[in-house]
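# Coordinates in review
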Amino acid sequence: MNKEKYAESLVKNHEDLEKVLRYYPIKPETIKLLSSRSGRSKWLIGTANGNFFLRQEYINPKRMLFIAGAHWHLQNNGLPIAQLIPTRSGGLCLSGGDHIYILYEAHEGDPVLYYDQSHMTQAMAFAAKFHLASRGYIPVDGSKKRTRTGKWHKLYRWKLQELEDNKKLAQDDPGDEFSRLFLEHVDQMLTRGYAALNELNSQELAEWTHETIESGMFCQQDFTMARMILKNEQVFMKDLHSVTIDLPARDLRILLNKIMKKLAVWDQDLACRMLRAYDQVNPLTETQYSVLWTDLKFPHMFCAMAHKYFLGQKESWGDEKYLMNFRNVISVEESKQAFLDQFDKNLRVIKGAD
Amino acid sequence: MAKQVDLDEIDIPKVDLGEYRFSPPSSMGWSAAEYEKLLNNPEEGIQKETFSPPEVPQTTLTELSLSDDRRVSISLDNVPKDKEDGSLNEVTVEPTEKEEVHEKKAEKSENQEKKEPSAEEKAPADDYIISENPPAKPWLAKRLSVFTLKDSE
């Protein structure tokens with residue numbers, strides 16, 4: 001496409017977007033494309049009264065209504081989150097059949113850093129606020145929920161079965177360095193995985209699952225600092241892409257694993273400090289923590305890395321990059337064991353003992 | 001190995017690995033072949049990769065709101081009304097057993113929910129003005145701070 005044609009297509013593109021923006025109570029002055037990939041595009045809309053993000057996403061509109069409803073619920077419950085802007089007629093999002101539009105305030109602030117312990121404790125306190133604010137959400141009829149509560153058994157079984165299958169693939173290619181490393185650790189991970197699976201039969205999980213469904217609580221699903229900023233010295237959510245009905249333990253597990261992977265080792269003190277920050281806002285019971293321990297015991301990171309490798313999920317990664325990441329994951333999973341073995345001691349620290 | 005749970009209890013589709021052949025990615029990854037092709041014919045690659053703004057389809061947009069009576073459909077320019085996809089209003093989702101429990105709770109807390117400001121009530125009539133500050137502390141809404149599971153029963 002030459003320059004002239006590109007300029008023409010941009011003008012047309014902005015005209016089309018202005019038609020979409022007519023649904024909203026704003027007067028757009030500037031439109032700037034910020035990103036466009038994987039069926040998701042985001043524009044910065046400048047107005048005399050501030051900036052907004054317009055997001056276009058190729059997603060089932062019924063699913064988006066569930067997410068937008070959750071966003072609306074969170075902001076009404078006072079969570080520090082970019083305010084969703086309803087259309088002039090009160091619509092939370094616009095459906096184009098196979099795609100949607102959603103408009104919300106554009107906020108700027110300092111980044112939330114994974115390598116800053118104070119930021120991470122603040123992020124955990126935010127996660128607790130998120131879970132509390134999510135309580136009482138009643139999705140509108142016709143919206144498509146995503147539920148993971150009550151499906152943990154199936155998910156664990158699926159992952160363990162895949163791990164067994166990947167073991168066969170690795171055994172077929174013992175000369176491959178990744179496969180060699182995988183085979184060195186896979187039995188230990190399978191043992192941990194099956195132990196975690198057995199623990200899912202506990203009454204504690206059943207009770208927490210029931211309680212979560214009753215309370216209408218949901219999870220953020222993939223807590224990532226890319227969607228957070230620091231604004232007025234507190235963590236602020238600038239984007240919400242997805243939510244899932246699941247136990248808060250899922251968000252905690254994902255956040256802890258993500259941070260420890262960046263540190264390349266499981267830092268017990270940091271993990272306790274982070275959970276303490278969470279617990280001060282949304283205290284969990286001992287039995288709820290035991291469910292979190294089970295989920296941390298399951299080798300989610302090891303399974304995910306093997307999945308990526310044996311199914312060729314990251315096409316641009318070379319063998320060195322795979323190995324580097326895999327060694328990192330193994331180091332975190334192995335060093336996590338000491339933390340898992342000291343449930344009582346760590347729980348006391350989380351609950352405030354020095 | 002602590003394989004104490006019967007794997008046949010839950011139905012999970014089995015993958016037949018018989019036909020599957022795995023080959024390691026090598027130093028340049030599995031996409032290396034694609035990259036080499038691009039190096040052999042850069043002109044073609046550049047043309048294919050040229051950026052164009054994301055498409056904004058000219059279709060009827062349906063506003064999705066929190067309740068049926070507030071769903072309004074307005075067609076965009078030059079789009080006849082009869083092309084409108086109103087399927088969302090016709091959708092009926094059969095509740096699962098667990099969802100039914102939740103819905104019973106929802107009915108019980110109907111009065112409470114009515115107090116929550118609706119999207120329509122909050123929809124500004126004129127220009128929307130952004131508040132530069134996040135919600136002031138205490139951040140938790142009064143309604144929620146007194147809401148407990150016990151209350152909802």
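Residues numbered from 1 in each chain as written. Chains lettered and ligands numbered in written order. Predicted model: local features only at pLDDT ≥ 70, side-chain atom pairs only at ≥ 80, totals over all residues. Heavy atoms only, no water.

## Comments concerning helix α4 (residues 152–172) of chain A
Residues and elements named next belong to chain A. Stated precisely, the cut-off is as follows: A run of DSSP states H or I qualifies as a helix once it reaches four residues; a run of E qualifies as a strand once it reaches two. Both are numbered from the N-terminal end. Take the residue count of a helix, subtract one, and multiply by 1.5 Å to get its expected span. A 1.4 Å probe rolled over the protein chains alone gives each residue an accessible area, and that area as a share of the maximum for its type sets the label: buried under 20%, exposed over 50%, partly exposed in between. Any two residues whose heavy atoms approach within 4.5 Å at even a single point are treated as in contact.
The first and last C-alpha atoms of α4 sit 31 Å apart over 21 residues, in line with the 30 Å expected at 1.5 Å per residue. Buried within α4 are the following residues: Trp152, Tyr156, Arg157, Leu160, Gln161, Glu162, Leu163, Asp165, Asn166, Lys167, Leu169 and Ala170. Where the residues of α4 are buried, they touch α5 (177–199), α6 (203–215), α7 (248–263), α9 (286–297) and α10 (300–310).

## Looking at the packing of aromatic side chains
All names here are of chain A. For the record, the criterion: Only rings of Phe, Tyr and Trp enter the pairing, Trp through its six-membered ring, and a pair is recorded when the two centres are within 6.5 Å. The plane angle decides the type: under 30 degrees is stacked, over 60 is edge-to-face, the rest tilted.
On inspection of all chains with the given rule, the structure shows 24 aromatic pairs over all chains. Taking the centre distance of 4.2 Å and the plane angle of 15 degrees together, the rings of Phe178 and Phe326 count as stacked. Pair noted here: Phe178 is in helix α5 and Phe326 is in helix α11 (residues 319–341), with a separation of 148 residues, a long-range link. Each member of the pair, Phe178 as well as Phe326, is classed as buried.

## So, unusual backbone geometry
All names here are of chain A. Phi is positive for Ser38, which is not a glycine, with a value near 50 degrees. Mapped onto the fold, Ser38 is located in the loop between β1 (30–37) and β2 (40–47). Even without glycine at this site, Asn232 takes up a positive phi of about 50 degrees.

## Comments concerning the environment of A:Ser215
All names here are of chain A. In this fold, Ser215 is placed in helix α6. Owing to a relative accessible area of 4%, Ser215 belongs among the buried residues under this scheme. Each C-alpha atom, one on Ser215 and one on Tyr137, is 7.9 Å from the other, the two residues being 78 residues apart in sequence.

## Comments concerning the confidence of the model for chain B
Note: predicted coordinates in regions of low pLDDT should not be interpreted at a detailed level. All names here are of chain B. Threshold: Values of pLDDT, the confidence the predictor places in each residue, fall between 0 and 100.
With 32% of its residues at a pLDDT of at least 70, chain B reaches an overall mean of 56. In the predicted structure, residues 1–5 sits below a pLDDT of 50 and forms 13 contacts with residues beyond four places in sequence or in another chain. Segment residues 108–116 is flagged for pLDDT under 50; beyond a separation of four residues in sequence, or across chains, it makes 12 contacts in the model.

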